[in-house]
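# Secondary and tertiary structure notes
If you want the building blocks of each chain, they are given just below.
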Amino acid sequence: MTGLDRELLIEIGCEEIPASWLPGLTTQLGRHLDARLKEFRLTGEGAAETYSTPRRLTARVAKLSERQSDFEELVAGPPVSAAFKPDGQPTPAATGFAKKYGVEVDALERQETPKGPYLAYRVRQRGKATVDVLADLMGGLLRDMKFPKQMRWDAYLEDGKGDLPFARPIRWLVLLYGGRVVPFVIRRTELAQGPTVQDIRSGPNTYGHRFLTTSGRAGRAIKVKTFDDYQARLLENFVILDRAEREQRIRRELETHARKLGARVSGLVASQSSLLQEVPDLVEYPSVVAGHIPVEFLKLPEEVLTTTMIHHQHYFPVVDEEGRLKPAFLAVTNMQAERPEIIARNSERVLTARLRDARFFWDEDRKSTLASRIDRLSTILFHKKLGSYRQKADRIAALAAWIAEEAFGRPDASAHAEQAARLCKADLATDMVRELTELQGTMGGIYAREEGLPEEIWKAIYFHYLPVGVEADAPPSRQQLGAAAVTWAAVALADKLDSVVGMFWAGERPTGGRDPLGLRRQAQGAVKILVDLPDLAGLENRLPLGRLLEQAALPFGGFGESEAAVLSFMGDRLSHLLEQRGFDIRSVRAVTHGGPATISPLEALRKLEALSQMSGSESLRGVATLLKRVKNISKGVPSPTALDTTLLAEPAERALVSALQAGESNIRAAASRGDYRDAFTGIAALQAPVAKFFDDVLVMADDERLRAARLGLVSALRGLILDIADISEIVTD
């Protein structure tokens, strides 16, 4: 380090932070620190580096300037015309402005503005030493952090803003600049203070693993000076600071232990990737142990075994070469145990107890059919304004039958869709789902299969909570759905639309980052089904959102006051899905114009695909540019039902009339059959006559009848193009 570029090291030591919070908090810390450095006029070399473990949030700036940059600002005062009297003497406005900055009026500058000359004062402020502003920066940084749930722990800052809520209680704080401690204090309230509860003061001390240490005792303070020293000393004391290193270590050990078992880590488990994302944030020094379970538990459904292992114990199932589960598992621990077999034995005992419960639930639940459980759904509340799950099941049964028969045009699938929808929530009344809530839907499908119900029914139940993601390959796949594809689409769509419309009707709406009822996920699942209908169910139905939402609103007596909000919400979710698929936001706006009620998600996708194929068409871009002019000229003019051409005698307008009459039927026919590439090609062919028309013809003629005829022609052109897409959105000028 040079004298002018010193290292900043911040560590916020906490009680264990939930693993699911850590990635977001680590990103937040870096973003807020960069923003605060900019606010305090401190220049660093690149963005702040951030790190985290369950017990610490760390940030480092390798080189930070020794002083703030100087501040200079020209502050505008009163206009010169109001600052001086006719005799040249300053008015109270001028003297008051000068007095505010402690100078004479003569010291003020004159600033030229579009509104004329103004008096101004140039404020100059020399930058303070970095060490003198870091305490204020640290206070602001702690205040900036936002958490899924805040904890009040009887702590406050002396900044006049009161309590300092945080993710978890802060236990220590490292704040080093150039290797020296910057004084900073988090105060504890009088009621909290005691022999073991004191103010938290910044210092050079960090802490290693809660239980392990190479020397001294666990919990002993470790003095550090630089980041390299800090990272090395933590590693000596069994803390791997870099999350990526922890994940790589876990992956290596999982592979090693799986090979010893003659197996591999299951790749068939749906939540496998999320488990690998979560586990590195649960541990500071990971190691892996292998355990075994009695073979008899393999008779349980695979979903029960893997859910128990993954969601409840954070264990990794292992499979043989054919992908069948083996009676073994791998567990990631936060210890480097001298006798790993003891940890393995304890893990086996806990897992076996859970599986024994699961086997009991499995045996008991199968003594009753799903249909016999429907009445019990009356005792399970869906929402206080929307009634019980029994009422929801009745609503989605009717809606699923209508979707299959009317919307999809598949009356042969209607009965299965209705039955699957009526049964799809019945597993909420089973012991298994009460214990393993992650299996709702899945378990209902398994029980339906055990009862011998047709594939069209049990698979529709099994997959009806999906899809969750908006990606084209998000499960379920057509192969997984098999013969149940159409039935599933009807049931899954009915469930999601009922939830969205019902919750909006009941006054429940997502706000900002909050969506406790998961309505965004439900809406995105619905539009994903509609967008991918051909791939998922072999259906080419281009269904407008308004028609489906209206049907979903019937049990509530219509939308009530929520119609505009529901339609806007669904339109936003469709735009989000299309943008996530990689389409340009301007093109998305082009195909979703005209209001969400009339938009067909599948149609929007097909139009976007056609637009992307024609991205190099200069003729189409030419028409798009001219469409902006067309829209401006014809604003408020309705599209004519029949074009009056009797007064249109100019060669350019006759040519445009001919081009429109020749091209319209082909363009509309292409759009009707879903060939949007052909439709856009037809629109692109209008570029030359449209351009010639605007070059040679004055639309706003003095003659009122001629002006009306020309506006009618322009409006007809506008209506034809906008019926396909508002392609003016794809050009910026």
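What this report covers is the structure whose coordinates are included nearby.

## Here we look at the nonpolar core
Grouped together as the largest cluster of nonpolar side chains are 149 residues, with contacts concentrated most on Ile403, Phe408, Met570, Phe680 and Ile727. If one sorts the elements of this core by residue count, helix α16 (residues 485-505) sits on top with 14 residues. Those residues within four positions of Met570 in sequence are excluded, and the remaining contacts are Leu497, Val500, Ala523, Ala526, Val527, Leu545 and Leu549. Ranked by size, the runner-up nonpolar core spans 40 residues in total, among them Ala59, Leu134, Leu164 and Ile170.

## What to know about the layout of surface pockets
Put simply, the largest pocket is a space of about 1,600 Å³. Taken together, 44 residues make up the lining of the largest pocket; nearest its centre are Glu438, Gln440, Thr442, Tyr465 and Leu466. For the lining of the largest pocket, the elements supplying multiple residues, two or more each, are α8 (302-313), α10 (389-407), α13 (442-451), α14 (455-462), α16 and α17 (519-531). Examining the composition of the lining of the largest pocket, we find that 5 residues originate from one element, α8, more than from any other.

## Here's the deal with the sheet that holds strand β9 (residues 180-181)
Taking strand neighbours across the sheet as the criterion, the 5 strands line up as β2-β3-β1-β8-β9 in an open arrangement whose pairing is antiparallel. Here the strands that pair on one side only, and so sit at the sheet edges, are β2 (49-53) and β9. By the bridge criterion, 2 bridges tie strand β8 (residues 170-177) to β9 in an arrangement that is antiparallel. Bridging across to β9, Leu176 finds its partner in Val181. Sitting on the sheet, helix α1 (residues 22-39) touches β1 (5-14), β2 and β3 (56-65), and the angle it makes with β3 is about 30 degrees. Lying on the sheet, helix α4 (residues 130-144) is in contact with β1, β3 and β8; it crosses β8 at an angle near 145 degrees.

## Brief notes about the pattern of salt bridges
In the structure shown here, the tally under the stated rule is 57 salt bridges. A salt bridge links Arg243 to Glu247; its shortest N-O distance comes to 2.9 Å. Remark: Glu247 and Arg243 occur in helix α6 (residues 243-260); sequence separation between them is 4 residues, near one turn of the helix. When the shortest N-O distance is used, the salt bridge between Asp498 and Arg395 registers 2.7 Å.

Reading guide: rules and limits
- Residues numbered from 1 in each chain as written.
- Predicted model: local features only at pLDDT ≥ 70, side-chain atom pairs only at ≥ 80, totals over all residues.
- Heavy atoms only, no water.
- Core = buried A, V, L, I, M, F, W, Y, C linked by side-chain atoms within 4.5 Å.
- Buried < 20%, exposed > 50% of the residue type's maximum accessible area, 1.4 Å probe, protein only.
- Helix = DSSP H or I, 4+ residues; strand = E, 2+ residues; numbered from the N terminus.
- Contact = heavy atoms within 4.5 Å.
- 1 Å grid on protein atoms, 1.4 Å probe; cavity = no way out; pocket = protein on both sides within 12 Å on 5 of 7 lines; lining within 4 Å.
- Points joined across faces, edges and corners; volume = space filled by probe spheres on them.
- Pairing = 2+ DSSP bridges.
- Axes fitted to C-alpha atoms, helices over the stretch in contact; angles between N-to-C directions.
- Salt bridge = Lys/Arg side-chain N within 4 Å of Asp/Glu carboxyl O.

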